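Descriptive structure summary
Residues per chain, in single letters:
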Amino acid sequence: MTDEHGRLRISNADRDEAIAQLQAALDEGRIDLAEFDDRTRAAYEAKTNAELDLIFDDLPGGRPKVGEVARPQPAEQAETCGPVADSDGHARSLSWIHETPALRALVLVGGICTLIWLASSISSGQFDNYWPIWPILGLSIASFVQLMNRGRWH
């Protein structure tokens, strides 16, 4: 790295790429959650390339260049989630389910609330007022927003 490079101010894109690389390091287990928080905060506060480069000193590969964030390969994602055949018979990955926390919460919270409602309805004999619709509706909206932000729907 040249002195000139270190003195140059960084852009929001540089910060975003650095944070994406930190997320990849967290996912790989190279840093823990506390380190991720500290390094993310430092990335947001960094003003020059030199300051941003320091965040990656002890990580393999150093700081990524814009557009060079290390992400798992599609084959690795398919292995973790299992391939599923689409309507054309092509295998596709379900990794997006694991990348959408609100969707996982929707299934978990919606299921638990529905079971509670069902148990209380059976014991009282009244199957009206399906109150789990409210947390399900809220989490559905959050899931939709997360999927939109990840580019699943255009």
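Note that the coordinates shown come from a computational prediction; the quantities given were computed from them, not determined experimentally.

1. Brief notes about the overall build of the chain
When you go through the chain residue by residue, the secondary structure sums to eight helices and two strands. Counting from the amino terminus, the chain carries its helices and strands in the arrangement α-α-α-α-α-β-β-α-α-α. In the chain, buried positions account for 28% of the 154 residues. Contacts in the chain between residues at least 24 apart in sequence constitute 52% of all its contacts with a sequence separation of at least 6. Accessible area for the chain stands at about 10,600 Å²; split by element, carbon and sulfur atoms hold 58% of it.

2. Quick word on the environment of Gly138
Mapped onto the elements, Gly138 comes out in helix α8 (residues 133-149). When the C-alpha atoms of Gly138 and Ala102 are compared, they prove to be 9.6 Å apart, with 36 residues separating the residues in sequence.

3. Comments concerning the packing of helix α7 (residues 101-124) against α8
Contact geometry for α7 and α8: axes closest at 8 Å, N-to-C directions at 165°. Here α7 is positioned roughly antiparallel relative to α8, judged by the angle of their axes. Where α7 crosses over α8, the handedness of that crossing is left-handed. Contact residues: α7 offers Pro101, Ala102, Leu103, Ala105, Leu106, Val109, Gly110, Cys113 and Thr114, while α8 offers Pro135, Ile136, Leu139, Ser140, Ala142, Ser143 and Gln146. The class makeup of the residues in the contact of α7 with α8 is eleven nonpolar, five polar and no charged.

Conventions used here
Residues numbered from 1 in each chain as written. Predicted model: local features only at pLDDT ≥ 70, side-chain atom pairs only at ≥ 80, totals over all residues. Heavy atoms only, no water. Helix = DSSP H or I, 4+ residues; strand = E, 2+ residues; numbered from the N terminus. Buried < 20%, exposed > 50% of the residue type's maximum accessible area, 1.4 Å probe, protein only. Contact = heavy atoms within 4.5 Å. Areas by Shrake-Rupley, 256 points an atom, 1.4 Å probe, with all protein chains shown as cover. Axes fitted to C-alpha atoms, helices over the stretch in contact; angles between N-to-C directions. Parallel < 35°, antiparallel > 145°, perpendicular 65-115°, else oblique. Left-handed = near helix turned anticlockwise from the far one by under 90°. Nonpolar A, V, L, I, M, F, W, Y, C, P; charged D, E, K, R; others polar.

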